[in-house]
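# Structural features, examined
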Amino acid sequence: MIFSLPSTNQSFTFLCVYLPTFAGAGERDQSMNFRCQVVQRPGGRFDTAFFSSENKRFKSMTDVARFLNLSKAPKKGLANISKKGRGSKDAQERRLKRELEKLNKSKIKATKALEDHGNNANPTDQLLISDESFWDDGSNAARAHKEGRVLPRPNIESFPGIPTHCIPDLLLVWDFFCTFCRVLSLEPIELDDFAAALSFRVLAADRNSQAVGELDLNPPSFIPVYLSECHIALLRLLVKDVTSDLWWWSILETPEMVEQEDEYLGDRKRRLVTAVVKIDMEALLAVDEDPLVTIKWLQALEDVRTRKPDSSGPIKSAVKNAISVTTNQHVKAYLKKAMRSWKAKSAGVVKRAVVWLIDRMKEARPDLWGRKVSTDEIAQQKRLVAEEAALEMENITEELNDDNEGDMNLEGDSDNESDSDDDEGSDNEDEFADQSQQPPSPSKQRSSVAVKENDETRPVSTFVPAKPVPSIVDLLLPPGKPVLPTDLVSALSWPSVVGATSCRVFQWYKRRRNEVDDSIREFRELKPMSVAERRRREACASSRILSECGDLADAEDNHIESAIKHLCDGNDYLDLTTVQRLGILRMLIEAAYDTHHIQLSIEDNFKARVNAVKALDAEERRAKKAAKDELAAMESAARERLATEGRETFIATKRQEVIEDIKDSKEYSVEFIESLNDEDIIDLDDDTKAEYEALPTAESFNKAEVNAVVKKIQEETAFGVESLTVLTLGEIEKKDEEYLKSLQDELESFGDIDTMNRGHSRAERETSYKVDRLRREITNFTEQMQSLSEERKQAIEDLKDAIDDGTVKSLRAAMRTAKLARLSGDDEKTNGVWALDLIRDAALELKNAESRKRVTEAQKDLIAKRDKCFIRTEPLGRDRYQSCFYHFDYDQSSRVWTERDFILRSDGNVENEYGVLLKCPGEACIGTEDKSEDFLSVDDQSTAKSFLNFCRQEYHHSAELSTLAKHHWSCYTTDRSLRVLVKNLDGKCATEKSLKEVLKETLEAMALGTSGGDANPQNGQSENTEAIKTSVSTDFKLSGDDDIFCTEKANFGEDVEVLKNITSAIGHRVRLRSVPNPDRAPDVAEYTMATVTGWKMAEVKNKDDAMVEDEEASPQTTMTPLWRVGVDNGGELHLSAKELLRGIARAIKWATQHPGYFEYDAPFLSYRNGFGRFCGRAAEAPSSTSAQAFAKHMIKKENDLYNPLKNRTFENNWGGKAGTRAAWTSSLRENGHSFEAVRDGLLTFENAVFELTGGFIADEEKKDDEGSSNQVSLNSLSGKDLLYDETSRFDIELESLGRDVKGLWNSPDTRQIFREIISTSKTVSVLSLGLDLICRNAQAYIDRTKSSAVEPVSLDTSNLYGRRRAAVKPGGYSDFF
């Protein structure tokens, strides 16, 4: 409420009086330009506001005065500050003092930083240099890489039987088994043993041998236990996981079945790119129909999109509703024409036609779906759709009777058909969807659409690959996915089941690959690929899916697909090559990575690893804090030392000055002055005291001075002394000369020693003793000086190598050698030690190595806990050329694997034989080339080259390869090779510095894991039974053993052809054999690789002389050659000639897979799975895949089925008094080791079960019952012909399905097919699948019949069943037969 009462005038009067008080009376006139308003607020309070002539508002008169810039106007804010808030003078002084102290500290800090920068002569030396600058720096590593050589040369480049390009796949598969061993219930195995098991092959003569007991449960014809265990573990993981439902039915998929699988496609709708029914789209769109009517019939047709192709009833109902609703005659004609191809259970063509029409209408009429579109835009859109449709119509031809609409039948009860379809679901999709895959036959429906163009121009319409022909194994497997526990996933049947599983996984990945191709082209708005191109891509699908393990450019056949076909046809697993076995494992592992069990394990490991890494980080921070505190304490001690030295120097100087002064005055004696303590000297006068107090304090020294003292303290600490004097080699030699001269001077001080009187008095005897001692010292020292030069030179080289190596063991050994070479000693002047500068550096490096070792031991438990939470193997580091270095947790601790890129040259490797990294671009490729046309459109040709170069750098840094690039994999196993590798790494390189530290830790682990010197690292008993007692000398020669080696080789007399071209043992590889436990496991040996490094002639005690009874007689010794070998896993051994020759021959045979060479006592043959034992008990595991094991299994199954079947028949010719059953059992137990015997036994068992289940009726009775139906059977194919006809295999079903099971088989042809499969089988796995099929059918018969005697019944052929689903419907199988 605003008042214009005297209160307003009063406020204005106050303003007129207030303004002159700041500037004078003249300002009263300015107040006339303002007006005043008084406002009453709630509660009775009044607020006054002033307004200028420009209507600017002011809250108070003070604001008005400040607005007018009056000179005495109050400053803003001072009026609101109390006297207490303004602060006192003392507070301001304290604040200024704090600011001054802060500035002084900043000044001191900046001054020290400036001094440190000035003291550093070359600051850039401390900076790490980029990797590229080292590529051609003239070092040994750069020269070797330029020549394509690997420096140092690796110890392992491949395993026998494993191609070099498959080494990555070998490591991947083995690492997967070791990583997820708990999930798989598979105990890990050594990498060498896994490679040996994977490449395990035997000769045909050994495989056909019947002598099972020759190898004591390890016959060569049996599959290694580990291969059985790992395959069964993968099968169990895949079968029990729900993700296997995605690909188990992949071999049965058709385009109609997966057209609308929303669970795989999500919300994305696929556009059918081809039309199937001809129509004049321009005339259809020209009809002016009510938009509401158009929307209504389109909505009626939308129901077709969600239906399966075999849901013919609902599709027919939707089309009838649309025809009744629409007023567009062209739409009615189109739908009626599409319905001509409709048949019960098969409406795929109708569905495609309807969906095509819906999509075209949505494109042509966007206004029907709520979009605001102008009339011109609608007309333009109609024109574009009509033009596209016209182009599609050109590719379609119709038959002559297509114009006749009278044959279309839209009558019938679609609701009944709909109910039937809803009940059936999609169980019979294969039966009615194969028409797009199989060639049409006269007995089946005739398509009304024919495609003009050939496969090169016809675009694809589906991503589903063609169904493979059912294999022998597919016919024996059940129609559904196996459910654990089951005999299908066992040691007897796994090879065939693995083949069938791999076939399904491979078919699924081919489909996924096709989906990716289509989606890329669709995203890039490219036209669909042709059918011929799709077939070409599917032909090389294995190289696109598993490129690393794919086929080489010059390969004759496809490894993976041929392996799958080999196993699915029931052939022997041992006939597969190593690459094929590896490809099968890769296929199964790719599917295993998609399982929920593996994903859950990875998630759990990730969470546990995060916690373990946090604990490890905390421990690392604690270690860093301890190191930082130690350095801080050392810096504090250095500052105190500097301050103490300054004070001591000052006092000593003042003391000397006082002594000089009193010499003139003679007031005090020198002894009196020297007896004064430090405090007395300081208190002599005020000037001395002031100078003492002005001495530098501990905090006033700069960083450079402190660092110099810290370095000196570190050196003294490393040597464990209080004083250290560092000398150069020249100063040490000069010191030796001075010492020799001092001895000579002391000897000359005795005068003429030749004429010296050597009396018998005590003084004369002491003098004579001193002279003799000096003479001996001079003579010995002179002799030492003659050989000391070479010793010191070698000691210096050892020190340099040890510093580069950085391990505790090598540093201590080098320092010990240097001390023997008199490169360090006691310093009598300082009561400390003098040493060479290199020894000083080695001592500092030794201290750092011991510190790293202590930290590593403290973190050992945390690191082990982190490693248990495994996710993936990360590289240890990279070198300057981006080569990756790996160490696998389950591999030997001394092994470091290296992955290097090849160097591409147009001429390849033509310079030297060691340039293994030089390759032609074609030799470095693996797999199939990229399909660059999928992601490059026509408009991108200008930038296509640069884009492709950028993308292909992922394969190789040169961007010259359009496929995956091979890599050179190698392994370093010996400490010597790792030391050379560390030595060639440059610490200035950013990436190599961290790698160098990690490799040093690996060397430390190797040093701790092996005993030094000549100790034997093998705990077992060596195969060389001769007791060799060598002398202590270690003077091994590095060459010159040619004559001795040839003589010993001639005396050896074994493996002459293998060793004939070898003239010297130095540098050759040796394969050593030892028995770890000769008492408990004398047939299990261990094999290790070693390299011959030297030889010598040593004294060896004769064995006969060493056992003489006379203890006083010394045994005879002879000079025998000994060779020194360095074992790959650490340590050294001394071998006699016999053991050396045997080891060299064994290494050559092992590496070249020499015919007839086989290590029957290799560790992988004695492997037993302690986690799962899928192959049974440990004693039975080696023979779990043999015919004998199958015979035992078959006897057990027969025993389980006999009693239920016996109770369901009157005629029992199998058991009872006939004795056939007992004879069959006895024959299997006696001849079960023979494959032919067990195969015949299975056929006999099938015949017995067939008779117990009723069999079939006689042919005459069958003819009377069936009448003319037999005439059709005579014209059909026999069961054997059906089996070998690829087209008819799709309709073969050996399983007893449904509710009406009246016997073991559903027809005579079915039985004939089964017996043909078994009689021609060659492996136990097929027999096992056949036995399981008999048991399933027999159990189905038992479940469907009562437990009472029944008469033989005839089989109703009208109820036979068709191809392969769990809920098969009648009709299909009987139509075929």
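As shown above, the structure is provided for reference.
The structure reproduced in this document is the subject of the present report. It should be emphasised that the depicted structure is a prediction, and the values quoted were computed from it without experimental measurement.

What follows is about the overall build of the chain. The helix and strand tally for the chain stands at 51 helices and 22 strands. Taking all 1377 residues of the chain together, the buried fraction comes to 43%. Pairs at least 24 apart in sequence give 74% of the contacts found in the chain among residues at least 6 apart.

The next point concerns the sheet that holds strand 10 (residues 877–878). Overall, antiparallel pairing links the 4 strands, which are arranged 10-11-12-17 in an open sheet. Of all strands in the sheet, those bounded by a partner on one side alone are strand 10 and strand 17 (967–972).

Attention now moves to the nonpolar core. Within the largest apolar cluster, 132 residues are counted, with the highest numbers of intra-cluster contacts made by Phe-177, Phe-194 and Trp-897. Per element, the largest residue contribution to this core is 11 residues, and it comes from helix 50 (residues 1324–1344). Residues in contact with Phe-177, not counting those within four places in the same chain, are Leu-184, Leu-186, Phe-194, Tyr-226, Cys-230, Leu-234, Leu-585 and Ile-589. Of all hydrophobic cores here, the second largest spans 39 residues; its members include Met-281, Ala-338, Met-361 and Leu-368.

Within the secondary structure, Phe-159 is located in the loop between helix 5 (140–146) and helix 6 (167–179). For Phe-159, a relative accessible area of 5% translates into the label buried. Beyond its immediate chain neighbours, meaning those up to four positions away, Phe-159 contacts Ile-167, Leu-170, Leu-191, Asp-192, Ala-195, Arg-895 and Trp-897.

Given two aromatic rings, their pairing is described by the distance between the two centres and the angle made by the two planes. Under the criterion given, the structure shown has 25 aromatic pairs. Aromatic pair Phe-180 and Tyr-593: ring centres 6.3 Å apart, planes at 85°, arrangement edge-to-face. Here Phe-180, found in the loop between helix 6 and helix 7 (181–184), pairs with Tyr-593, found in helix 25 (residues 578–593); they are 413 residues apart in sequence, far enough to count as distant. Classification of Phe-180 as buried rests on a relative accessible area of 3%. Aromatic pair Tyr-226 and Tyr-1167: ring centres 5.0 Å apart, planes at 85°, arrangement edge-to-face. Taken as a pair, Tyr-226 in helix 10 (residues 225–240) and Tyr-1167 in the loop between helix 42 (1137–1152) and helix 43 (1187–1206) lie far apart in primary sequence, 941 residues in all. Like Tyr-226, the residue Tyr-1167 is buried in the burial classification. Three or more aromatic residues joined by ring pairs form one cluster here, namely Phe-176, Phe-177, Phe-180, Phe-194, Tyr-226, Tyr-593 and Tyr-1167. The ring of Trp-1150 has Arg-1071 sitting right over it, with the charged end atom 4.1 Å from the ring centre. The ring of Phe-1250 is capped by Arg-1311, whose NZ or CZ atom sits 3.9 Å from the centre of that ring.

What follows is about the pattern of salt bridges. Using the criterion set out here, one finds 48 salt bridges in the structure. The salt bridge involving Asp-841 is made with Arg-840; its shortest N-O contact spans 2.7 Å. Between Glu-992 and Arg-880 there is a salt bridge, with the nearest N and O atoms lying 2.9 Å from each other. Here Glu-992, found in helix 38 (residues 990–1009), pairs with Arg-880, found in the loop between strand 10 and strand 11 (884–886); they are 112 residues apart in sequence, far enough to count as distant. Accessibility expressed as a relative area gives 2% for Glu-992, which makes it buried.

So, on to the packing of helix 21 (residues 494–523) against helix 50. In the contact formed by helix 21 and helix 50, the axes pass within 7 Å of each other and the chain directions differ by 85°. The angle between helix 21 and helix 50 falls in the class roughly perpendicular. Taking contact as the criterion, the partners of Pro-495, Ser-496 and Val-497 in helix 21 are, on helix 50, Ser-1325, Val-1326 and Leu-1329. Looking at the contact of helix 21 with helix 50, its residues break down into 4 nonpolar, 2 polar and no charged.

The next subject is the sheet that holds strand 7 (residues 724–727). Spatially, 7-9-8 is the arrangement adopted by the 3 strands of the open sheet, whose pairing is mixed. Each edge of the open sheet carries a strand with a single partner, namely strand 7 and strand 8 (824–827). Neighbour to neighbour, the strand axes of the sheet diverge by 25° on average, direction disregarded. The strands touched by helix 31 (residues 729–748) within the sheet are strand 7 and strand 9 (832–836), with strand 7 carrying the most contacts at an inclination of about 105°.

We now examine unusual backbone geometry. Between Leu-151 and the following residue, Pro-152, the backbone shows a cis peptide bond with an omega angle of -10°. Positionally, Pro-152 belongs in the loop between helix 5 and helix 6. For the bond from Leu-484 to Pro-485, the omega torsion is -5°, close enough to zero to count as cis. Structurally, Pro-485 can be placed in the loop between helix 20 (472–476) and helix 21. A positive phi angle, close to 55°, is found at Ser-185, a residue other than glycine. Although it is not a glycine, Arg-822 sits at a positive phi angle of roughly 60°. Within the element layout of this structure, Arg-822 appears in the loop between helix 33 (808–820) and strand 8. Arg-822 gets classed as partly exposed once you look at its relative accessible area, which sits at 31%.

Following the sequence through the fold, Asp-193 ends up in helix 8 (residues 191–198). Nearest to the buried, unbridged Asp-193 among oppositely charged side chains is Arg-1071, at 6.8 Å. Dropping the residues within four chain positions of it, Asp-193 is found in contact with Pro-1163 and Phe-1164.

Together, Arg-94, Arg-95, Arg-98 and Lys-102 line one region of the surface with positive charge. Note on placement: Lys-102 falls in helix 4 (residues 89–119).

Right, let's talk about helix 45 (residues 1235–1252) for a bit. Since the α-helix packs 3.6 residues into each turn, any two residues three or four apart lie on the same face. End to end, helix 45 covers 26 Å across 18 residues, agreeing with the expected 26 Å (1.5 Å per residue, within 8%). The inward-facing, buried residues of helix 45 contact helix 43, helix 44 (1220–1231), helix 49 (1308–1319) and helix 50.

Reading guide: rules and limits
Residues numbered from 1 in each chain as written. Predicted model: local features only at pLDDT ≥ 70, side-chain atom pairs only at ≥ 80, totals over all residues. Heavy atoms only, no water. Helix = DSSP H or I, 4+ residues; strand = E, 2+ residues; numbered from the N terminus. Buried < 20%, exposed > 50% of the residue type's maximum accessible area, 1.4 Å probe, protein only. Contact = heavy atoms within 4.5 Å. Pairing = 2+ DSSP bridges. Core = buried A, V, L, I, M, F, W, Y, C linked by side-chain atoms within 4.5 Å. Phe/Tyr/Trp six-rings, centres within 6.5 Å; stacked < 30°, edge-to-face > 60°. Lys NZ or Arg CZ within 6 Å of the ring centre and 35° of its normal. Salt bridge = Lys/Arg side-chain N within 4 Å of Asp/Glu carboxyl O. Axes fitted to C-alpha atoms, helices over the stretch in contact; angles between N-to-C directions. Parallel < 35°, antiparallel > 145°, perpendicular 65-115°, else oblique. Nonpolar A, V, L, I, M, F, W, Y, C, P; charged D, E, K, R; others polar. Lys, Arg positive; Asp, Glu negative; His and termini not counted. Patch = residues over 30% accessible without salt bridge, like charges linked within 9 Å, V, L, I, M, F, W, Y side chains within 5 Å. Areas by Shrake-Rupley, 256 points an atom, 1.4 Å probe, with all protein chains shown as cover. Charge placed at Lys NZ, Arg CZ, Asp CG, Glu CD. Expected span 1.5 Å × (residues − 1).

Purely geometric stuff here, so don't read any function into it on its own.
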